Structures are given as structure tokens and as C-alpha cells.
Amino acid sequence: MVAKKTSKVSKLLRSPRHSTFLLAYKAWLVRFLIMLAVVIVAAVVYLDITIRNQFEGGNWAIPAHVYTRPLDLYVGLTIAESSVLDELGELGYRFQIGATEPGTYENSGGSLTIHVREFQFWDELRLSGRVRIGFNPTKTKIVSVTSTSEKLDLFQLEGRLFGSVSSISHEDRELLTWDQIPEGLVTALIAIEDRNFFSHWGVSPIGILRAAIANIVQGRVVQGGSTLTQQLVKNYYLTAERTISRKVVELVMAVLLEMHYSKQELLVAYINEVYLGQAGNRAIHGFGLGSQFLFGRPLQELNGAELATLAGLVKGPSHYNPLKHPERALERRNIVLRVMQREGILNEVQTGQLQQLPLGTGRSVSIQRRSYPDFLDLVRNQLGNDFKDAALFDAGLRVYTTLNPRIQNVVETVISDRLSQIEKSRGIQAGSLEAAAIVLRADNGEVVALAGGRDRGFAGYNRALDAIRPVGSLLKPFVYLSALEQPSAYGLGSLIADKSITVSQKGSEDWIPQNYNGEEHGFVMLMDGLKHSYNLATVNLGMEVGLDTFGDLLKRFKYDHEGPLYPSALLGAVPMTVSEVADLYLTLANSGFKTPTKSVRSVLSDGGEPLGRYPLSIEQVAQPESIALIVYAMQQVVLDGTARAIGDRFGRAPGYAGKTGTSDGYRDSWYAGFSGDYLMVVWVGRDDNESTGLSGASGAAHIWSDTFANISTRPLTLTLLPDLTFIPVNPVTGMKIDASCLNAVTLPYIASYEPASQSGCAAGTSNRNINNTDGTQKKTNKRRGVDEWLKGIFK
């Protein structure tokens, strides 16, 4: 039977029909294989073109890197040696005897030797070199600045990279060239990640087999088989998807990369691309930026142990993060060092020495990682206004800002500490108060510090830029300035009515303002109305001067309020941000000259070409004499007015001027004040707009005072302009009296607009003399007569 079946099968196979089927099948198979080969070749060609275009195009999106201001050091500068050492510490400089290497310093014998790094400033490339700073015996003032060969008029300590600005990506990196990569990093990386890197063609079958055996033996994944080239492909070209097809593509692309590029080129690409961790919403890529983030120093300045820490981080940036898991990071670093010993890169003694070193990423480096996100918001706004092409933000720009890290750190610390103290002392729920502050240079409008909340380093709602709150009495100086700009009608000693007033408003109810304590004070000197922040005096004066005049002044000061200005605006029922208030007060602090506030000094392209400069721009919007009078009155606010606690703290010297502000229901506490060189505006309140129970004096003024107590500042002095003169005035009548009178108050006046004179010292002995001392008639215009004053006083 078997023989018969075999015979039948043989006949079938030899039949013409079956032969035709086999031929057709073979033809179809050949066509399929040819088509498959074409598809594979096309895919390989496509992958080849893709990797070459992207690799050679260097398509990394490099955010704009943002730097703090440089520290100017020159002969005669009053600055403590300790402050310069703090700055060096923030820049990652290390003490070294002799300061023989870049990034080191030595302080001894009353001098400080700094071996500065090479740094690209906005106007020049400074090369590495040694600079010696000499201090006076108390180490509080610089007496000499010299380089190795000459005396220097000015030396600038470079700014610190503290953040980045990008329009399309949260990735951040600092690109390195081969010459900038330490040999120790390369050897550590190859030893721990891909020991056969220089001998394989992108894929290592031996490495894959070795990893597979190790994983089988351990019963879990303990070793990877990917080469550095495969890791580069995965990081640079592909997604994190884990499929067989993606793995095949990865293998093909790795081989193609090896065919086209040298090992050196591949290593440079890998070192610039590898992911090393997260800083807020910034993804840290590349060892260049990773070194700055973890150690606060350039990669070239790291020792062997620190380079091993970076190399070990590749396996698991989150798991071995030395900031969060120092024990794991230390164990991983020592594994890298032992592998390097096994590979013959280190000997036993070197390995032991390096293993004894600390990680070097502890608290001393934390300051160097501060990113100041609130200030970055301000920088982002200015760049967005000045550079409309968003692509510029991903082209590796260098942005040099005005941020002073010393002052910024003080402001952040003071806000956190003082709010906690206020909450505790007043029984306010912990964490319920918020604050915002801005500090500017009074002479040029540079923003040196900005805090948008009490949480240091929190990138979120920026109250300094975005919170619009009623400013309360902060607008009162501008009401009084509107009057003082009419010197023929008003002076600091002019009497104004602090009495009830009803203001009719078309289309709404009459407005009846009241003083803070509900009391009235009759007629008071104009200066006292501001000093004590009398609401009734301010409204009476503002209505007499005119809302239009007040509104025009605000426009001159570049505040464009939306819609009509209502009488309640005289008492600050105008919502503003902290930064907008600072814009207004900056003109007061700068003698009536308006200059734009700015956070950026200069912008360079990645090639070092200047893209934007921000020279000083000044426009006079008020007469210096009028500004001098209102600033004098604001000094009295500090000395003997609503902010007298500040005057008490600083010795009751007229070194500061300012104004408190409180909104209805104690919802907002404000203080704006300035010294001879800095202006600061502070707001304290709650995000839910509930009452804080704080006035400007009991809340915001404390933060201002604490800040100025901890920064170096120049006292404010009244500039005695040629057209100003000091006149003794009777505070009851507002008239000029003899300087020998015990009740005389000496006030500045604009020359030719002095007050009328009275004989005698007391109000009751006035002779109604309205002539100048030379017998000429006084320019009285709208000034009240003595009869009216006396009637008002004794009514």
C-alpha cells in the first residue's frame, strides 16, 4: 500500500499542473523578496539621510542663557572682602593656595588674588588670568586693583548663569567642543557604559550576550547591552518606545552613524545630548550644563571623583540624583571608580583617594543652583517685547541681565522670614500671607531684584508682575506734587483743609471720604497732610487742584489709566501691579527724569554678535525743584510720619523717603521708598483678597526696612538746587516767621515763591503782612489769606 501511495505522489509531482504551480510560487517569492529588499534599502537610505541631516545640521534647540549682572570692582569702592568672597562662592570659585588654576582664589595678607575664568562679556572676551584686589586694614574698601602686569581702573567678576528662556522646549544644555571635554570624563564614561566603544561598529554582540547572561543569572535586569552609539540614537533620534521594531531601527541607525562619523564626533554628540536630570521645568541635557547644575563649576574644573559621579548618573538620572539621593550617588560613583581600576585606568591608590572625596554637591553648591524664576519672568517679558522672532530664543543667545544676586537673596530671605514672624505675632494662619517686591537702581531703572511670592524658587504666579491690587495712599505723593507744581499757589507750608467733604459724582452716589481714625484736624500744612496721610486733606487738595491736573501728571509719569479717573483715585482706588508702582516712584527718586525700567543690559548671538543693547534713556517729565519738595515731604513721612518706625530704626537721619499705603478693609499693605541709590516697592496681602489686618506701616514697611538693613546703600540727601531756599514757617498760619521763634518749622521753598510774612511768632499776633522782606509784593495768587486761616482754626 505504501508503495502504491508513493507512486501516486511521484506522478502528481511530475504532472504538468504541479510544475506550473511551483514555477508561479517561485516567481512570486522572488518578486516578494525583491520588493522586500527594495523597501529595506529605501528604509535604510531614508534613515541614512535622516541621521546625516540632523547630525550635521546640529539641530539642538539651545535656549537663551541668562546671566546675573557682573560685579564691578574698582579702587575706592566700599565693599567688604567677605562680600566679594560670597560672590566668588556663588560663581563656584574654590580656595587654592597660590590660585594657580582658573576658578580659584587665595585671600591672605589683606589682599585677594583671583584666578578668573575666560568669560564672554557683552563687549569683549576676557581671557583667563590672575587679578589681585587690595583692601584697607578693615577689609571694607578696595585700595588697589592690579593684574599681573598693570593697574586696572575696573575689574568685572563675571555674572552667573542662572536660567534660560525658550519658546519651544524645556530642554537646556551647554554645548561643548572636543577640546573642552576632560579626558577623565571620556575614560570614565567608556569604562562604565561601553568598554568596547573604540572597537565596535555601533553594535556590540559580545556586550549584548554578556548583558543577557548577567541578567539571566541575577533574575532581573542588572546590565544593558546598548553601546554609547545606540544610546545616542535613542536619545537624539528616537522616542522612549520599547518595541522590537524600534530596537531594529536603533541598531540600523547606530551602524549607519558609525559608518559616517568618527568616534570623536560621536562622543561629542553623546556628551552634549545625554539627559542628566531635572531643574524645575528645565530638563538638564549634556555634561556641560550638568556640571554647572550639580557642582556649580565648569566641567573642566571637576576632579576625577566628580567626573565619575557624572558618568555614573547616565544609568539613572533620577535614581542616582546626588541632590535627592546622595547615598545612592556615592555608591554609584564608587562603582565607576572600581570599574576604572579594573580596566587599568586607575591604580589602587588613586581609586582609594578618589573614593574618600565627598560628592561635592551639598549645601555649599545650592546657592549656585538658584534660578530666580520670578526675575526670569521679567526677562522673558522684555525679550518678548524686543525680539518678535520666537525662534531667536532657541538659537543659543546670551542674555546679560541686571539681577544682583546679593540683593535678590536678601529680598527672598526677608520676605519669607518677616511674613512668618507677622503671622506668628498676630495670630494669622501660617502661610496665608503673600508678598511681592521689586528693587531698582534709582539712577538708571535697572531692576536688581524681584520676588513674586514668599516661596523662594517657585515658578508660578508672579504677584510682582501680574497681581493688580488697589494701591491705597501710594498715589498721595502725586496728588501733592500736582499742587507743588504750582508754586505760586502751593508750598510745603501752605494750609489745606483736613475737614469733611462731600464729592458729588454724576450717575452714582455722593462720595464722603473719612480719615483713618475718623477724626478731622482742621487746617494743616500741606507737608503734614502727606506726612500723616490724612485722607480728607488729600481729597480737599486734589479736588482744588483738579482731577484733570492729577490725571495729566500720572500720564506724564507714563501711567496710562484705563477709563475716567474718579475722585476716589486721589486715595489710591486705582489697581496697579508692584512693577507699575515702581515705574511711577522711579521718576520721583530720579529728580523728575523718567527712565524705562529694564532687566536686560545686552543680548549676544551664539556667535558673540550683539543683537540688542539697552543704553540709558532719559526724559524729563517734572521740574527738579518740584520733585525736591515732594521728596523732602516723603522724607518727613519716614522721620515723623506713618513710616516713622523706619526712621527710628535707622537713627532718624533723613536718609530715606517713602510712603505707606493701605487699601480698604486692610486687604493690601504697601510701602514704596528709596535711598540715594535704590528704590523698593513692597506689597503684602492675601491671594483670596480677604483682610490681612495690616496697614502699610505694620506689614510691607517691615519688609522694606529689613531689606535695606541688610544691603549696602547710600543715604538720600536733598539736593539744594539754586532755585531752592529754606524758610522758617509758622505751622499754624503757614506764614514766614523769624527763625528764632520756638514754633518755627524750616521748610524748602522755590525761590521767589516764599510764603507771606507775619510779625511775631504766635498765630494771634499776625499783622497779615503779605509783602516780601524787600518790600515787593508777594505772588499770592490762590493762597488763602490769614483771616481765612484763623477762622478755620478757631471755628
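Our subject is the structure listed above.
If you're wondering where the values come from, they're calculated on a predicted model, not measured in any experiment. (Residues numbered from 1 in each chain as written. Predicted model: local features only at pLDDT ≥ 70, side-chain atom pairs only at ≥ 80, totals over all residues. Heavy atoms only, no water.)

Two elements, strand β13 (residues 275-279) and strand β14 (residues 282-285), share 4 bridges in a ladder whose sense is antiparallel. Looking at β14, one finds that G277 is bridged to I284. The hairpin formed by β13 and β14 contains 2 residues between the paired strands, and G280 there has a positive phi angle of roughly 65 degrees. (Pairing = 2+ DSSP bridges. Helix = DSSP H or I, 4+ residues; strand = E, 2+ residues; numbered from the N terminus.)

This next bit is on a nonpolar patch on the surface. Among the surface-exposed residues, W201, V255 and M259 lie close enough to one another that they form a single nonpolar patch of about 340 Å² accessible area. One can find M259 in helix α7 (residues 244-260). (Patch = residues over 30% accessible without salt bridge, like charges linked within 9 Å, V, L, I, M, F, W, Y side chains within 5 Å. Areas by Shrake-Rupley, 256 points an atom, 1.4 Å probe, with all protein chains shown as cover. Salt bridge = Lys/Arg side-chain N within 4 Å of Asp/Glu carboxyl O.)

Moving on, we come to the state of the cysteines. Disulfides are covalent bonds that connect the sulfur atoms of two cysteines. Tallying each qualifying case throughout the model produces 1 disulfide. Note on cysteine connectivity: C741 is disulfide-linked to C761, with sulfurs 1.9 Å apart. On the S-S bond that ties C741 to C761, the torsion sits near -75 degrees, and the link is left-handed. With a gap of 20 residues between them, C741 in the loop between β29 (724-729) and β30 (745-750) and C761 in the loop between β30 and α25 (786-794) connect regions that are remote in the sequence. Of the residues examined, C741 reaches a relative accessible area of 7% and is grouped as buried. Judged by relative accessible area, which is 31%, C761 ranks as partly exposed. (Disulfide = S-S within 2.5 Å. Buried < 20%, exposed > 50% of the residue type's maximum accessible area, 1.4 Å probe, protein only.)

We now examine the packing of helix α4 (residues 183-193) against helix α8 (residues 263-273). Packed helices, taken two at a time, are described by the angle their axes make and the gap between the axes. Where α4 meets α8, the axes come as close as 12 Å, and the angle between the chain directions of the two elements is 90 degrees. If you check the angle between α4 and α8, you find them roughly perpendicular. Contact residues: L185, V186, L189 and I190 in α4; L267, Y270 and I271 in α8. For the contact of α4 with α8, the class distribution of residues is 7 nonpolar, no polar and no charged. (Axes fitted to C-alpha atoms, helices over the stretch in contact; angles between N-to-C directions. Parallel < 35°, antiparallel > 145°, perpendicular 65-115°, else oblique. Contact = heavy atoms within 4.5 Å. Nonpolar A, V, L, I, M, F, W, Y, C, P; charged D, E, K, R; others polar.)

Between helix α3 (residues 81-90) and helix α15 (residues 405-426), the shortest axis-to-axis distance is 11 Å and the interhelical angle comes to 90 degrees. On the basis of the axis angle, α3 is roughly perpendicular to α15. Every residue of α15 that contacts α3 at S83, D86, E87 and E90 is listed here: P405, R406 and N409. Among the residues making up the contact of α3 with α15, the classes are represented as 1 nonpolar, 2 polar and 4 charged.

Attention now moves to the nonpolar core. With 132 residues, the main nonpolar core has F478, F557, Y585, L588 and F674 as its most contacted residues. At 10 residues, the largest contribution of residues to this core is made by helix α22 (residues 624-640). Not counting the four nearest positions on each side in its chain, F674 is found in contact with Y585, L588, A589, V631, M634, G655, Y656, A657, L679, W704 and L716. Among the nonpolar cores identified, the runner-up in size contains 58 residues, and L310, A311, L346 and Y400 belong to it. (Core = buried A, V, L, I, M, F, W, Y, C linked by side-chain atoms within 4.5 Å.)

Turning to the pattern of salt bridges, a few remarks are in order. Applying the stated criterion across every chain, the model contains 33 salt bridges. Where D640 meets K531, a salt bridge forms, and the shortest distance between an N and an O atom there is 3.7 Å. Here D640 is found in helix α22, whereas its partner K531 is found in helix α18 (residues 526-531), with 109 residues between them in sequence. Owing to a relative accessible area of 38%, D640 belongs among the partly exposed residues under this scheme. Under the relative-accessibility criterion, K531 is labelled buried at 10%.

Before going further, it helps to spend a moment on the packing of aromatic side chains. On inspection of all chains with the given rule, the structure shows 18 aromatic pairs. Pairing Y656 with F708 gives two aromatic rings, centres 6.0 Å apart and planes at 85 degrees, and the pair type is edge-to-face. Residue Y656 is found in the loop between α23 (644-649) and β26 (657-662), and its partner F708 is found in helix α24 (residues 700-708); the two are separated by 52 residues along the sequence. Each member of the pair Y656 and F708 is classed as buried. Note on W704 and F708: the rings are 3.9 Å apart at their centroids and 15 degrees apart in plane angle, and the pair reads as stacked. Placement of the pair is W704 and F708 together in helix α24, with a separation of 4 residues, close to one helical turn. The two residues W704 and F708 agree in class, both being buried. Within the aromatic cluster, the residues linked to one another by ring pairs are Y67, F119, F121, W122 and Y400. For the cation-ring pair, R117 lies above Y93, with the distance from its terminal atom to the ring centre recorded as 4.4 Å. (Phe/Tyr/Trp six-rings, centres within 6.5 Å; stacked < 30°, edge-to-face > 60°. Lys NZ or Arg CZ within 6 Å of the ring centre and 35° of its normal.)

Over its 22 residues, α15 extends 31 Å from the first C-alpha to the last, a length consistent with the 32 Å expected when each residue adds 1.5 Å. Looking one or two places after α15, you find G427, whose phi comes out positive at around 70 degrees. (Expected span 1.5 Å × (residues − 1).)

This paragraph deals with unusual backbone geometry. Positive phi, close to 55 degrees, is recorded for S533, a residue that is not glycine. Secondary-structure assignment places S533 in the loop between α18 and α19 (535-545). By relative accessible area, S533 is classed as buried at 11%. Even without being glycine, S752 reaches a positive phi, approximately 75 degrees. With a relative accessible area of 49%, S752 lands in the partly exposed category.

Now for the sheet that holds strand β16 (residues 434-441). If you walk across this open sheet you meet the 5 strands as β17-β16-β28-β27-β26, and the pairing is antiparallel. Both edges of this open sheet fall to β17 (447-451) and β26, since each of them pairs with a single strand only. On average, each strand axis in the sheet is inclined to that of its neighbour by 5 degrees, with strand direction left out of account. As paired elements, β26 and strand β27 (residues 668-674) share 6 bridges and run antiparallel to each other. In the strand pairing of β27, T662 is matched with S669. Relative to the sheet, α22 contacts β26 and β27, its axis offset from that of β26 by approximately 65 degrees.

Across the 9 residues of helix α9 (residues 287-295), 8 count as buried, placing the element largely inside the fold. Buried within α9 we find F287, G288, L289, G290, S291, F293, L294 and F295. After α9 finishes, the residue G296 shows a positive phi value of roughly 70 degrees.

Right, let's get into the sheet that holds strand β11 (residues 161-165). The strand order across the open sheet formed by 5 strands is β11-β1-β15-β23-β24, and the pairing between neighbours is mixed. For this open sheet the edge positions go to β11 and β24 (610-613), each flanked by a neighbour on one side alone. Between one strand axis and the next, the sheet turns through 20 degrees on average, direction left out of account. Of the strand pairs in this sheet, strand β1 (residues 64-67) and β11 are connected by 4 bridges, and their pairing is antiparallel. Each residue of the ladder has a partner; that of V66, found in β11, is G163.

Right, let's get into the side chain of S494. You can see S494 is positioned in the loop between α17 (476-484) and β19 (495-498). The class of S494 is buried, set by a relative accessible area of 5%. A distance of 2.7 Å separates a polar side-chain atom of S494 from the backbone nitrogen of G491. (Polar contact = N/O pair within 3.5 Å; in protein donor to acceptor, adjacent residues only side chain to side chain.)

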